[in-house]
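# Close look at the chain arrangement
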Amino acid sequence: MKLLVLITFPIFFLLHSVSADTYIGQWEITGGSIIEIYQDGTTFYGKIHKRAMKPLSNFNGLDNKNPKKELRTRPLLGMIILDQLTYQDGALSGGTIYNADSGKSYKVKVWIDSEDTDVCYIRAYKSILFKTFEAKRVKPDNMAVSPK
C-alpha cells in the first residue's frame, strides 16, 4: 500500500502542477484591461495589451502619474507593468507590478490554480498589506487587438 502511495502521489502532482509555460498569454482583468505575459529567457514580463473601456485615470492613454516627469508622456499600451518575475514553486514572483493609476510599483506574486489554468491571480504587496486581482485567460479566438 505504501508503495502505491509513493508512486501515485508524484504522478498526481505532476498532472496537476502548473508549468512556466502556463503563464504565457493574454489575461483579462475585471474592468476589461488585458495584460500579455511573456517570457524572455528565464524572466517573465507583462505588458498592457488593451486598456479598460472606462479607465480610472490616465484618460489620454499616457503614463500621467509616473513620478519621473520624462516618462509621463509614454503611452500605456505596450508598457511593461509586470517586471522581472521568475518562475519558482509553480508561481511567478520576485518582481514588481507598476500601477499606472497611482504611478507606484509594488512587489508582486502571480499564480494559477492547477484546478483551473484559465484563471490567474495577481497579488500586489505594500508592506504587510496586499490586494489580489483575478484575471481570466483570453482564448486565441477571442484575442483582442490593440488599436495603434
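Our subject is the structure listed above.
Just so you know, these numbers come straight off a predicted model, no measurement behind them.

Let us look at the sheet that holds strand 2 (residues 34-40). The eight strands are arranged 1-2-3-4-5-6-7-8 in a closed barrel whose pairing can be described as antiparallel. Mean inter-strand twist for the sheet, computed between neighbouring axes without regard to direction, equals 30°. Bridge count between strand 1 (residues 25-29) and strand 8 (residues 129-137): three bridges; the pairing is antiparallel. Bridge assignment links Trp-27 to a residue of strand 8, and that residue is Arg-137.

What follows deals with the pattern of salt bridges. Applying the stated criterion to the full structure yields three salt bridges. The closest approach of N and O atoms between Asp-63 and Arg-74, which form a salt bridge, is 3.0 Å. Highlighted residues: Asp-63 in the loop between strand 3 (43-50) and strand 4 (80-88) and Arg-74 in the loop between strand 3 and strand 4, separated in sequence by eleven residues. Accessibility expressed as a relative area gives 0% for Asp-63, which makes it buried. Given the relative accessible area of 29%, Arg-74 is considered partly exposed. Put simply, Arg-137 and Asp-118 hold a salt bridge, and the shortest N to O gap is 3.0 Å.

What counts, and at which threshold
- Residues numbered from 1 in each chain as written.
- Predicted model: local features only at pLDDT ≥ 70, side-chain atom pairs only at ≥ 80, totals over all residues.
- Heavy atoms only, no water.
- Pairing = 2+ DSSP bridges.
- Helix = DSSP H or I, 4+ residues; strand = E, 2+ residues; numbered from the N terminus.
- Axes fitted to C-alpha atoms, helices over the stretch in contact; angles between N-to-C directions.
- Salt bridge = Lys/Arg side-chain N within 4 Å of Asp/Glu carboxyl O.
- Buried < 20%, exposed > 50% of the residue type's maximum accessible area, 1.4 Å probe, protein only.

The analysis is restricted to geometry; functional conclusions fall outside its scope.
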